[in-house]
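Chain by chain, the residues run as shown.
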Amino acid sequence: LYACLSPGLCCVGHGNHKEDSPFLNSADAAPKKNDFYDRNLALFEEELDIRPKVSSLLSRLVSYTNITQGAKEHEEEESAEASRRKTPKSPNMGTLMGVYLPCLQNIFGVILFLRLTWIVGMAGIMQSLLIVLMCCSCTMLTAISMSAIATNGVVPAGGAYFMISRSLGPEFGGAVGLCFYLGTTFASAMYILGAIEIFLKYLVPQAAIFHATDTLGSDSAMLNNMRVYGSICLSLMAVVVFVGVKYVNKLASLFLACVIISIVSIYAGAFKSLTHPPEFPICMLGNRTLVRDGFDVCAKTVIKGNVTVPSQLSESFCLPGNMSSAHCDDYFNQNNVTEIQSIPGLGSGIIRENMWSDYQRKGEILEKAGLQSTDAHGAMENFGMYVSADIATSFTLLVGIFFPSATGIMAGSNRSGDLRDAQKSIPVGTILAITTTSLVYFSSVVLFGSCIEGVVLRDKFGDAVRKNLVVGTLSWPSPWVIVIGSFFSTVGAGLQSLTGAPRLLQAIAKDNIIPFLRVFGHGKTNGEPTWALLLTGLIAELGILIASLDMVAPILSMFFLMCYLFVNLACAVQTLLRTPNWRPRFKYYHWALSFLGMSMCLALMFISSWYYALVAMVIAGMIYKYIEYQGAEKEWGDGIRGLSLSAARYALLRLEVGPPHTKNWRPQLLVLLKLDEDLHVKYPRLLTFASQLKAGKGLTIVGSVVQGNFLDSYGEMQAAEQAIKNMMEIERVKGFCQIVVASKVREGIVHLIQSCGLGGMKHNTVMMGWPYGWRQSEDPRAWKTFINTVRCTTAAHLALMVPKNVSFYPSNHERFTDGNIDVWWIVHDGGMLMLLPFLLKLHKVWKKCQMRIFTVAQMDDNSIQMKKDLAMFLYQLRIEAEIVRMYYWYNSNLTYIYIQASLYSQWHLQAQLVKDRHSLVRMGSLYSDEEEEVVEAPPEKVQMTWTREKCEAERRNRNNAPENFRELMSLKPDQSNVRRMHTAVKLNEVIVNRSHDARLVLLNMPGPPRNTDGDENYMEFLEVLTEGLERVLLVRGGGREVITIYS
């Protein structure tokens, strides 16, 4: 359908519309000119100013390109100048090059070459398969969850951090993002340590700087060498990364080729051993394995020129110059020296011996179970001749050491900005890579256990095979293939980690969710994260200083497991919430699989190292709380927000069942604030007092009324709401803000009282300020609104609190070191007067104040018994307070009472007439709003009010006191206003006398008169009742019990 159906009609179109897409930022969108589409949409021309046309939206979606890795985040809009200067390169990487091979390169690493044979030897084939199964199952389940998240819409570069933060919110995203960053950083340290171990143990052993002075100091010397060379290597790598990442990316293919060639050589050597096992004999003394590099021939004697002479081995176990058995080691004398093959071959049946575990204690000598041995005590100085375990091993330790070899599954999602079709490539490539690596690990475990002798498998550093890399002895055609290949692959993996970690930190810093990390969001002009690289280098140096590959591996396992745990949690939460935006293209996921993956991650954390797990969780928890309280608030449509909504809905439906029990009652406040002409809060101490009373618990709704029309005052309403929210943040009030636009303030307040809250989460107490200056005001609506609010709260069965002189109330920074909170309990109000001081004393401002309770006893009351009953009541309430009884003595001279009370009221009126010269003009309509009519009081109920006639008579007879006296004398003794004023006067005298120095006085608030003609008198009564007191809190109960003696 078109707006112009006839060529003769003139249609007006709009050009250069501001088309703000709700989907994608479009700073580089070119301005559109008037076209036929515009001219034929005249019906929607008002909409086109704020909403895009379908054609422009679709063209923008088609031309959208993901931002490359390490660049700005998806939400950041690039400037028009920058977008003109450089045209983004369209992504063209497929599944193989973009996801599969990078994942292979990241998953295969140092553990496969340096530790997998040792793990098989210690744990046996069965438990090794279990370890591989647990780790690979965990990563596979995580990959399924990650695939669902990655295919739920356009995923810009950012990897795990982006997915978790946008799925679980900034708190979880920041915490897990930093854990992932720390894991990647420690991974670079682990790869560097692996490369240095290969360099010093197998490539150039002569390069060692530190040498052991004895056999026991070899470990410490090796660690020191690792620290020195590791620090040098880290510095060189950091320089390479700083100079240019393009060199790292260009070398990635070479490093990947090294990995693949090394793995292929292992398989080739294993199958070749079926017919031609390699020659790597090992020397055994009894059933103990000997270090082979200390001697040449595996025998006690050798023949030189037809003469039998002691071998180098014998010289090592016997005293120099004397080769008799008496001067040799006992174990050496009683056991034979034998030589066995380190690699019997695939068909040798060695798999039966390597099937089960053989965990070692630290320092325990590696022994072969099948060889004959005579147990004898050997000399300690010969301990260095044997191959021994350098650390104590267990199943849990091996899990923590092996798990890093299963990580690296995020490589594809990290490169999502370079993929042609990320939503197809990420799931397929990642799952295929995990399947491939899992098969390699499973087959490697079986091949190692089937081909290599058990004592050689347990020999971590290849001491028994002349310091060769154990897996290298199996490879074909030469061990150097594995040594050189594994060295370059570990160096490449270290460079990749050192490149990715700073960019991850830069992405977190640019999100601005962690304030102290903002400096790391800056870098060089080309976007390289210089400061983030510096911090990454320092943290990696900490890992280098640990110097032990076996100790660093469990640390990064914790951080990676924490990250994977939250990836699974994110998928499970989104699936269970069924949010409308959760529509992944990858369909082979289920919340049960995500929960299983999450459980496995948690189990692996505590299995591998429970104390490292606790440390990682504490670090993540601290970051979470820091972001929650200090970080910038972000709205990313995350699942935690949806989870909160679902939990809130469930809780509200539960609360709807019935009113809360008395034990659960607490004041749920509706604080009515007044704003001045500039929309500033007039009495901010109301919020201060509310925060002290609530102490962060329960519901607080801060409401205000903007007078006017909603259509015209919407902007003013938003400004008022923001002003109140800012004040709530300053005063630390945790609650909600509700602004109502109404033509009259009175109606707006009634709307707030009726409609605030939701379901069972509604306010039960109203707090409002006192109408100061109501006597001087020409407009009676101020105090009329006050009394109307009192009546509305009474009708709604809500409690009411009116802090008088609220500007004198303490701020949150003040502390009362002494003083009293005086409660004047005149009528029972459900226990409000007892509960409020108790709640106040929970706050640090009022904590040291003492509570005193004053009761009013009539002449016919048994005051002694009354005091005992009150003491028992307070004891059962578990409230500590001092009880003070007061007598209220009625004067028998009623005429004197009436004269005193009426003269007191006249005095207040005279003061009002002096201060307000215009009050006589409005005196006829003093008790009604401008829309209301004056209602005459019935003659049988004469009120102590002031009408126009009385005022005129007062002016004519000002000097005629006897007539006034006769008028007062003519009043009947049962007139209620006189009694009320007398009560107010006398009670005020007593309160001021006893509580003039109290920090706070709580007092029952009298109810308003049923007849509206007595409203001004009611205000006078309240003024008289509270006169001379610095801080008064008038309290009126809501008609229900709020405190109980029962548990």
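Analysis parameters
- Residues numbered from 1 in each chain as written.
- Predicted model: local features only at pLDDT ≥ 70, side-chain atom pairs only at ≥ 80, totals over all residues.
- Heavy atoms only, no water.
- Helix = DSSP H or I, 4+ residues; strand = E, 2+ residues; numbered from the N terminus.
- Buried < 20%, exposed > 50% of the residue type's maximum accessible area, 1.4 Å probe, protein only.
- Contact = heavy atoms within 4.5 Å.
- Areas by Shrake-Rupley, 256 points an atom, 1.4 Å probe, with all protein chains shown as cover.
- Polar contact = N/O pair within 3.5 Å; in protein donor to acceptor, adjacent residues only side chain to side chain.
- Pairing = 2+ DSSP bridges.
- Disulfide = S-S within 2.5 Å.
- Salt bridge = Lys/Arg side-chain N within 4 Å of Asp/Glu carboxyl O.
- Axes fitted to C-alpha atoms, helices over the stretch in contact; angles between N-to-C directions.
- Left-handed = near helix turned anticlockwise from the far one by under 90°.
- Nonpolar A, V, L, I, M, F, W, Y, C, P; charged D, E, K, R; others polar.
- Patch = residues over 30% accessible without salt bridge, like charges linked within 9 Å, V, L, I, M, F, W, Y side chains within 5 Å.
- pLDDT = per-residue confidence, 0-100.
- Phe/Tyr/Trp six-rings, centres within 6.5 Å; stacked < 30°, edge-to-face > 60°.
- Lys NZ or Arg CZ within 6 Å of the ring centre and 35° of its normal.

Quick look at the overall build of the protein chain now. On a plain count of helices and strands, the protein chain comes out with 33 helices and 15 strands. Out of the 1047 residues in the protein chain, the part that is buried amounts to 51%. Restricting the contact set of the protein chain to residue pairs at least 6 apart, pairs at least 24 apart contribute 81%. Accessible area for the protein chain stands at about 50,100 Å²; split by element, carbon and sulfur atoms hold 58% of it.

With that settled, consider the side chain of Arg115. Among the secondary structure elements, Arg115 is positioned in the loop between α5 (110-114) and α6 (116-150). Reaching out from Arg115, the side chain makes a polar contact with the side chain of Asp550 at a distance of 2.7 Å. Here Arg115 is in contact with Val110, Glu197, Ile401, Lys460, Phe461, Leu549 and Asp550, once residues within four sequence places are set aside.

Here we take up the sheet that holds strand β2 (residues 288-289). Sheet architecture is open: three strands sit in the order β2-β1-β5, paired in antiparallel fashion. Both outer strands of the open sheet, β2 and β5 (337-341), are each paired with one neighbouring strand and no more. Relative to β2, strand β1 (residues 281-285) runs antiparallel, the two sharing two bridges. Within β2, the position partnered with Leu285 by the bridge is Arg288.

Let us look at the side chain of Asn1004. Structurally, Asn1004 can be placed in strand β14 (residues 1000-1004). Residue Asn1004 is classed as buried on the basis of its relative accessible area of 6%. Here the side chain of Asn1004 touches Ile826 through a polar contact of 2.9 Å, landing on its backbone nitrogen. Polar contacts involving the side chain of Asn1004 include one to the main-chain amide nitrogen of Val827, which spans 3.1 Å.

As a further point, take the state of the cysteines. Using the criterion set out here, one finds two disulfides in the structure. Residue Cys283 pairs covalently with Cys298 via a disulfide, S to S 1.9 Å. With the S-S bond torsion at 80 degrees, the cross-link from Cys283 to Cys298 turns out right-handed. Of this pair, Cys283 sits in strand β1 while Cys298 sits in the loop between β2 and β3 (301-304), and the two are 15 residues apart along the sequence. The exposure classification of Cys283 matches that of Cys298, with both residues buried. Cys318 shares a disulfide with Cys328; S-S distance 1.6 Å.

Bringing the pattern of salt bridges into the picture now. Using the criterion set out here, one finds 17 salt bridges in the structure. Across the pair Arg1031 and Glu1030 runs a salt bridge, and its minimum N-O distance is 3.9 Å. For Glu1030, a relative accessible area of 40% corresponds to the partly exposed category. The network of salt bridges with common partners includes Arg115, Glu197, Asp390, Lys460 and Asp550.

Bringing the packing of helix α4 (residues 95-107) against helix α14 (residues 422-451) into the picture now. With their axes 8 Å apart at the nearest point, α4 and α14 run at an angle of 35 degrees to one another. Both α4 and α14 take part in a crossing whose hand is right-handed. Residues Thr95, Val99, Tyr100, Cys103, Leu104 and Ile107 of α4 form the contact with α14, whose own contacting residues are Ser425, Ile426, Val428, Gly429, Thr430, Leu432, Ala433, Ile434, Thr436, Thr437 and Tyr441. The class makeup of the residues in the contact of α4 with α14 is eleven nonpolar, six polar and no charged.

Together, Leu602, Phe606, Trp610, Tyr611, Leu614 and Met617 give the surface a local cluster of nonpolar side chains, amounting to about 590 Å² of exposed area. Among the elements of the structure, α20 (591-608) and α21 (610-630) are those that each provide at least two residues to the nonpolar patch. By residue number, the principal contributor to the nonpolar patch is α21, which donates four residues. Tracing the sequence through the fold places Trp610 in helix α21. Using a relative accessible area of 53% as the deciding quantity, one classes Trp610 as exposed.

What follows concerns the confidence of the model for the protein chain. Segments scoring low in pLDDT should not have their predicted coordinates read at a detailed level. When pLDDT is averaged along the protein chain, the result is 78, and 77% of the positions lie at 70 or above. In the model, residues 889-948 has pLDDT below 50 throughout and makes 91 contacts with residues more than four positions away in sequence or in other chains. Below pLDDT 50 for its whole length, residues 961-974 participates in 14 contacts with residues either more than four positions away or in separate chains.

The next subject is the packing of aromatic side chains. The geometry of two aromatic rings is summed up by the distance between their centres and the angle between their planes. The final tally for this structure, using the stated rule, is 26 aromatic pairs. When the centroid spacing of 6.3 Å and the interplanar angle of 15 degrees are considered together, the rings of Phe186 and Phe559 count as stacked. Linking Phe186 in helix α7 (residues 159-203) with Phe559 in helix α19 (residues 549-577), this pair joins segments that are 373 residues apart in sequence. The pair formed by Phe186 and Phe559 is uniform in burial state, with each residue classed as buried. Seen from their ring centres, Phe586 and Tyr588 are 5.8 Å apart, and the 75 degrees between their planes marks the pair as edge-to-face. Classification of Phe586 by relative accessible area gives buried; the value is 11%. Overall, the relative accessible area of 69% leaves Tyr588 in the exposed class. In this structure an aromatic cluster arises from ring pairing among Phe180, Phe403, Phe560 and Tyr564. Here the basic side chain of Lys201 rests over the ring of Phe461, its NZ or CZ set 4.3 Å away from the ring centre. The positively charged end of Lys300 is found above the aromatic ring belonging to Phe332, 4.6 Å away from the centroid.

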